[in-house]
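Fold and geometry: a report
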Amino acid sequence: MLSGVPRCARCGRPAVIELASGERLCERCLASSVRQRFLAWLRKPKLRPSDSFLLVYRGDAQSCITAKLLYEVEREYGSKIEVIEVGPEPSFARACGLPVPVRELVRAEWRTYTELRLGLVKALSRLRVDSVVVMPDALEDIAAYTLGEVLLGEIEGLSLDLEYRVAYPLAAVSLKELQLAFPDLPAKWGFPTLNRHASGLLQELSVSMPTVYFSLLSSFVELTSALKRKKGIKGAD
């Protein structure tokens, strides 16, 4: 064993990342950890055996990873999975290569999370969706949306969470973790967030406050849960 080389806390291999908890993981154990968190957060809307899933695909790396993990997890249960693709052109089938049907292509572009969410609410209402809506937002997506839009008063996009059961299976996974856990994804994809101003501010804040991303995630979860309880929606917690 080479001295001074950080080792994985689970298997002893060379570590590639240190989590916010202080735990160091190798690439293989990191991938396993991502899958565990994905499953835990996918189940938060209190799923029923009869539930089907509608994945929101927006053409980024987060969306493709969400699609692959959702297909991997749910094919064991025979769950129905469909895709609603948002973007100027169709790309899901070519990019992800999964045998999952695209229910709808919404030809549009969004500059903010709020615009994306409001567009989704409109499309989902027209389609009369009763599936669990699966969003591809990673930790930075949730934090940027909360800091850059919700906390500034742009709360209209939360109507998505009020009107539908929404799962955020990557909410507790950072973009850096995804990049390391899924190195085979084409580099050209990148891991973008929609609110660049908020993303830049968060990066600056994280230097002095390393837990800022998780604090904003907790704020988002508490806010949506409180709104659902007020409206009397089942599965709010």
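Above this text you will find the structure in question.
Summary of the structure given here. (Residues numbered from 1 in each chain as written. Predicted model: local features only at pLDDT ≥ 70, side-chain atom pairs only at ≥ 80, totals over all residues. Heavy atoms only, no water.)

Some points on the overall build of the chain
As a reminder of what qualifies: Under the scheme used here, helices are H or I runs from DSSP no shorter than 4 residues and strands are E runs no shorter than 2 residues, and both carry numbers assigned from the N terminus. As defined in this context, the radius of gyration uses C-alpha atoms, and a globule is described by 2.2 Å times the residue total to the power 0.38. Think of it in three bands: with a 1.4 Å probe and only protein chains considered, a residue is buried below 20% of the maximum accessible area for its type, exposed above 50%, and partly exposed in between. In this description, accessible areas are obtained by the Shrake-Rupley approach with a 1.4 Å probe, and a residue is regarded as covered only by the protein chains that are shown. Only four residue types enter the tally: Lys and Arg on the positive side, Asp and Glu on the negative side; His and the chain ends are excluded. For charged residues, the charge sits on one atom: NZ in Lys, CZ in Arg, CG in Asp, CD in Glu.
If you tally the helices and strands in the chain, you get nine helices and seven strands. The C-alpha atoms of the chain give a radius of gyration of 18 Å, which matches the 18 Å a tight globule of 237 residues would have. If one aligns the C-alpha atoms of the chain with their principal axes, the spans along those axes are about 60 × 40 × 35 Å. Per-residue burial for the chain yields a buried fraction of 50% across its 237 residues. For the chain, the accessible surface area stands at approximately 12200 Å², while carbon and sulfur atoms represent 53% of it. Looking at charge distribution, the chain has the averaged site of its 32 positive side-chain charges lying 4 Å from that of its 28 negative ones.

Overview of unusual backbone geometry
With a phi angle near 60°, Lys46 is a residue other than glycine that sits in the positive phi range. Not every positive phi belongs to a glycine, and Arg128 is a case in point at roughly 55°. Considering the arrangement of structural elements, one finds Arg128 in the loop between α4 (113-127) and β6 (132-134). The exposure class of Arg128 is exposed, given its relative accessible area of 73%.

Quick notes on the pairing of strand β3 (residues 53-57)
Applied cut-off: Strands were regarded as paired on the criterion that DSSP finds at least two bridges between them.
Counting buried positions along β3 gives five out of five residues, so the element sits mostly inside the fold. On β3, burial covers both faces: Phe53, Leu55 and Tyr57 on one face and Leu54 and Val56 on the other are all buried. Examined bridge by bridge, β3 and strand β4 (residues 81-87) share five bridges and lie parallel to one another. In the sheet register, Val56 faces β4, and the bridge partner there is Ile84. Both β3 and β6 contribute to a ladder of three bridges, which runs parallel. Counted as the bridge partner of Phe53 is Val132 from β6.

Some remarks on the sheet that holds strand β5 (residues 102-107)
To be explicit about the condition: Whether two residues are in contact is decided by their heavy atoms, any of which lying within 4.5 Å being enough. Between N-to-C directions, angles cover 0 to 180 degrees, with each direction set by a line fitted to C-alpha atoms, over the stretch in contact for helices.
Sheet architecture is open: five strands sit in the order β5-β4-β3-β6-β7, paired in parallel fashion. Of all strands in the sheet, those with a lone pairing partner are β5 and β7 (166-167), marking the two edges. The pairing of β4 with β5 spans five bridges and is parallel. Bridge pairing in β5 places Glu85 opposite Leu105. The sheet strands contacting helix α2 (residues 61-74) are β3, β4 and β6, and the helix crosses β3 at an angle near 160°.

What about the environment of Cys8?
Inspection of the secondary structure assignment puts Cys8 in the segment before β1 (17-18). With a relative accessible area of 5%, Cys8 lands in the buried category. In the structure, Cys8 is positioned 20 residues away from Arg28 in sequence and 9.7 Å away in space, judged by C-alpha atoms. Ignoring any residue separated from it by four or fewer positions in sequence, one finds Cys8 in contact with Arg13, Pro14, Ala15, Arg24, Leu25, Cys26 and Cys29.

Considering α2
The condition that has to hold: How far a helix is expected to stretch is found by multiplying one less than its residue total by 1.5 Å.
Here α2 is 14 residues long and its end C-alpha atoms lie 20 Å apart, about the 20 Å a rise of 1.5 Å per residue gives. The buried fraction of α2 amounts to eleven of the 14 residues, a majority that puts the element mostly inside the structure. Burial in α2 covers these residues: Ala61, Gln62, Ser63, Cys64, Ile65, Thr66, Ala67, Leu69, Leu70, Val73 and Glu74.

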